[in-house]
Amino acid sequence: MNVELVHVTPDAIGHIARCARISHRSEGTGPEADADLVRRLIRWGHLSVLEFAQATFVVEGLSRACANQLTRHRLASFVQESQRYVDVRDRPLVTPRSIADSNSKQAVERLYDEAVALYERLVAEGVPKEDARYVLPIGASTALAMCVNFREARHIIALRGSGHAQWEIRDLARGMLKLLKEQAAAVFEDLEVSE
Ligand SMILES: Cc1cc2nc3c(=O)[nH]c(=O)nc-3n(C[C@H](O)[C@H](O)[C@H](O)COP(=O)(O)OP(=O)(O)OC[C@H]3O[C@@H](n4cnc5c(N)ncnc54)[C@H](O)[C@@H]3O)c2cc1C
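Note that the structure is a prediction, hence the values are computed from the model and not measured.

Q: Honestly, the pairing of strand 2 (residues 54-63) in this entry has me stumped. Any pointers?
A: Look at any regular strand and the pattern is simple: side chains alternate between the two faces of the sheet. Pairing of strand 1 (residues 2-8) with strand 2, which is carried by six bridges, proceeds in the antiparallel orientation. Each bridged residue has a counterpart across the sheet, and for histidine 7 the counterpart in strand 2 is threonine 56. Bridge count for strand 2 against strand 4 (residues 141-149) is nine bridges, and the pairing is antiparallel. Paired with valine 58 across the two strands is alanine 145, which belongs to strand 4.

Q: What's the story with the environment of cysteine 19 in this structure? I'm lost.
A: With respect to the helices, strands and loops of the structure, cysteine 19 is situated in helix 1 (residues 12-20). Separated by 91 residues in the primary sequence, cysteine 19 and arginine 110 place their C-alpha atoms 56 Å from one another. In this structure, cysteine 19 is in contact with Val49 and Phe52, ignoring residues within four places of it in sequence.

Q: Whenever I open this one, the sheet that holds strand 1 confuses me. Can you help?
A: Sheet strands line up and pair through hydrogen bonds in the backbone, either parallel or antiparallel. Strand order in this open sheet of four strands is 1-2-4-3, and the pairing throughout is antiparallel. Edge positions in the sheet fall to strand 1 and strand 3 (77-80), since each has one partner strand and no second. Along the sheet, successive strands turn relative to each other by an average axial angle of 20°, direction set aside.

Q: Where do I start with helix 8 (residues 167-183) in this structure?
A: Think of an α-helix as turning once every 3.6 residues; residues three or four places apart then point the same way. When the terminal C-alpha atoms of helix 8 are compared, their 25 Å separation across 17 residues agrees well with the 24 Å that a helix rising 1.5 Å per residue should span. Listed in full, the buried residues belonging to helix 8 are Glu168, Ile169, Arg170, Leu172, Ala173, Met176, Leu177 and Leu180. If you follow the buried residues of helix 8, they end up packed against strand 1, strand 2, helix 3 (64-70), helix 7 (150-160) and helix 9 (185-188).

Q: Just to check I follow, could you spell out the site of the ligand for this structure?
A: Neighbouring the ligand are the residues Arg72, His73, Arg74, Leu75, Glu152, His155, Leu159, Arg160, His164 and Ala165. Each residue belonging to the shell around the ligand can be placed in one class, and the counts come to three nonpolar, three polar and four charged.

Q: Whenever I open this one, the packing of helix 7 against helix 8 confuses me. Can you help?
A: When two helices pack together, their arrangement is given by the angle between their axes and by how far apart the axes lie. Contact geometry for helix 7 and helix 8: axes closest at 9 Å, N-to-C directions at 140°. It follows that helix 7 is oblique to helix 8 by the angle criterion. Relative to helix 8, helix 7 is oriented so that their crossing is left-handed. Together, Ala153, Ile156, Ile157 and Arg160 of helix 7 and Ile169, Arg170, Leu172, Ala173, Met176, Leu177 and Leu180 of helix 8 make up the contact between the two elements. Tallied by class, residues from the contact of helix 7 with helix 8 come to nine nonpolar, no polar and two charged.

Reading guide: rules and limits
- Residues numbered from 1 in each chain as written.
- Predicted model: local features only at pLDDT ≥ 70, side-chain atom pairs only at ≥ 80, totals over all residues.
- Pairing = 2+ DSSP bridges.
- Helix = DSSP H or I, 4+ residues; strand = E, 2+ residues; numbered from the N terminus.
- Contact = placed C-beta atoms within 7 Å.
- Axes fitted to C-alpha atoms, helices over the stretch in contact; angles between N-to-C directions.
- Expected span 1.5 Å × (residues − 1).
- Buried ≥ 20, exposed ≤ 12 C-beta atoms within 10 Å, placed from the backbone.
- Near = placed C-beta within 6 Å.
- Nonpolar A, V, L, I, M, F, W, Y, C, P; charged D, E, K, R; others polar.
- Parallel < 35°, antiparallel > 145°, perpendicular 65-115°, else oblique.
- Left-handed = near helix turned anticlockwise from the far one by under 90°.

Shown next as structure tokens:
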């Protein structure tokens, strides 16, 4: 899976701090003071001001199973590759390590190859892609764009980065967190993703 941050609010910490200061009509003294203010807001649970900053990610090579989990997050906005309109025969299967290490790895690969071959045959017979896709498994990879504000990004990373979440969406949360820490450490530095 590849997680790319394609857009983020410029000077996100400065922007959040500037908006937060409206409440007390206070003046900022620079980036350090802005970061300290943002850390205090998070400690106090004053999280709504984090909604003033946004990030857009493009994620390639995640399974449809993982995409189904991610798109449950209602405050994020998504565009996902369409299996109705895009020819998806060359999308690789996302293989969990537990399957890759199992005695059934080759059987799984055969099954996927057969599913893709059947998909191709159906399309060649004139079956629309939107119907032919029904034979493809949930492990088939997909791509999506996700736009999310910083408050919701923290929520997604906390839920999906916990040890209770599945490995693939944890990998995604880890990728998001790494990129967001580089852009806005004061907002994301207290979060961690379980191994
Ligand atoms: C480990 C794990 C296992 C899961 N297993 C299952 C499962 O077996 N079956 C299943 O169906 N789902 C499952 N889920 C998905 C889960 O139930 C949520 O749908 C998903 O995590 C989105 O969470 P959310 O609603 O908090 O977040 P978001 O949709 O991202 O919303 C963020 C926050 O906004 C607020 N909010 C959003 N919409 C509303 C609203 N309409 N009204 C009031 N407040 C709102 C809430 O405070 C919410 O926490 C699982 C999630 C996790 C992390």
